[in-house]
Amino acid sequence: MPFRNLSCNAFGLLMALVAVQPTAAQVEDTAPRIVHTAPSVFNDSVYVIDEGGLRALRFGGPDGDNQSLIVVGQPGRLPMSYLRSAAVGLTVPKRVDRVLMIGLGGGAFARFTREHLPE
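Scope of this entry: the structure provided in the associated data block. Residue numbering note: each chain is counted from 1, following its sequence as written. In keeping with the predicted nature of the model, local features appear solely for residues at pLDDT of at least 70, side-chain atom pairs appear and are counted solely at 80 or more, and the whole-chain, interface and lining totals rest on all residues. Side-chain figures throughout are based on the complete set of non-hydrogen atoms in the structure, without hydrogens or water.

As a further point, take the pattern of salt bridges. Only one rule defines a salt bridge in this text: a Lys or Arg side-chain nitrogen within 4 Å of an Asp or Glu carboxyl oxygen. Under the counting rule described, the total for this entry stands at 4 salt bridges. Residue Asp-50 pairs with Arg-33 through a salt bridge whose shortest N-O separation is 3.2 Å. With Asp-50 in strand 2 (residues 44-51) and Arg-33 in strand 1 (residues 33-40), this pair connects stretches of sequence that are 17 residues apart. On the basis of relative accessibility, which here comes to 13%, the residue Asp-50 falls in the buried class. The partner of Arg-95 in a salt bridge is Asp-97, with the nearest N and O atoms 2.6 Å apart. The burial state of Arg-95 is the same as that of Asp-97; both residues are exposed. Three or more residues joined by partner-sharing salt bridges are found here, namely Arg-33, Asp-50 and Arg-55. Secondary structure is summarised from DSSP: a helix means a run of H or I of at least four residues, a strand means a run of E of at least two, and numbering begins at the N terminus for each. Only protein chains enter the calculation, and the probe is 1.4 Å; a residue is then buried if its accessible area is under 20% of its type maximum, exposed if over 50%, and partly exposed in between.

Set out below in structure tokens:
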């Protein structure tokens, strides 16, 4: 069995990483909606956009690249591949006592760790 040495937390994290796609009900065909916008000294403006069950953080304009994504109402999901790659590192130790995060971005990784490693 390939997972025999994983702790229960690590196995749960791996299963959470596998289930990353939004459901069909979440990806409804809706137009993007600007939830919030604010000026930024670094990026002209910061936008929070809801679209198809996802909430995106974008810089410069509402059509900019996604800097961060969350699945609305499901903090334990990571829709961005680089965050899923980072989360795999949490499955290596038998027990995770502390996690150091430098930067917050849209908070997806912080929400994910709080959901799956509440202790």
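Resuming the write-up.
Turning our eyes to something else, we now look at the sheet that holds strand 4 (residues 66-71). A pair of strands is treated as paired once DSSP finds two or more bridges between them. The strand order 1-2-3-4 describes an open sheet built from 4 strands, whose pairing is antiparallel. Only two strands of the sheet have a single partner each, and these edge strands are strand 1 and strand 4. This sheet shows a mean twist of 15 degrees between the axes of neighbouring strands, independent of strand direction. As paired elements, strand 1 and strand 2 share 7 bridges and run antiparallel to each other. Across the sheet, residue His-36 finds its bridge partner in strand 2, namely Val-48. To define axes, lines are fitted to C-alpha atoms, for helices over the stretch in contact only, and angles between the resulting N-to-C directions are given on a 0 to 180 degree scale.

Next up on the list: the nonpolar core. Among the nonpolar cores identified, the biggest contains 13 residues, and Leu-78, Leu-83, Ala-87, Leu-90, Ala-108, Phe-109 and Phe-112 are the most heavily contacted of them. Breaking this core down by element, the ones donating at least two residues are strand 4, helix 2 (81-88) and helix 3 (108-116). Broken down by element, this core gets its largest block of residues, 3 residues, from helix 3. Residues are treated as being in contact if the distance between any of their heavy atoms lies within 4.5 Å. Other than its neighbours up to four places away in sequence, Leu-83 contacts Leu-78, Ala-108 and Phe-109. Here, nonpolar core refers to any group of buried Ala, Val, Leu, Ile, Met, Phe, Trp, Tyr and Cys residues whose side-chain atoms link them within 4.5 Å.

Once that is clear, we can look at helix 3. Within helix 3, burial applies to Ala-108, Phe-109, Phe-112 and Thr-113. Along the axis of helix 3, the buried residues cluster in a sector spanning 130 degrees; they form a single face. Regarding the arc, it is the one traced by the directions from the helix axis to the C-beta atoms.

So far we have only geometry, and geometry alone does not tell us how the molecule works.
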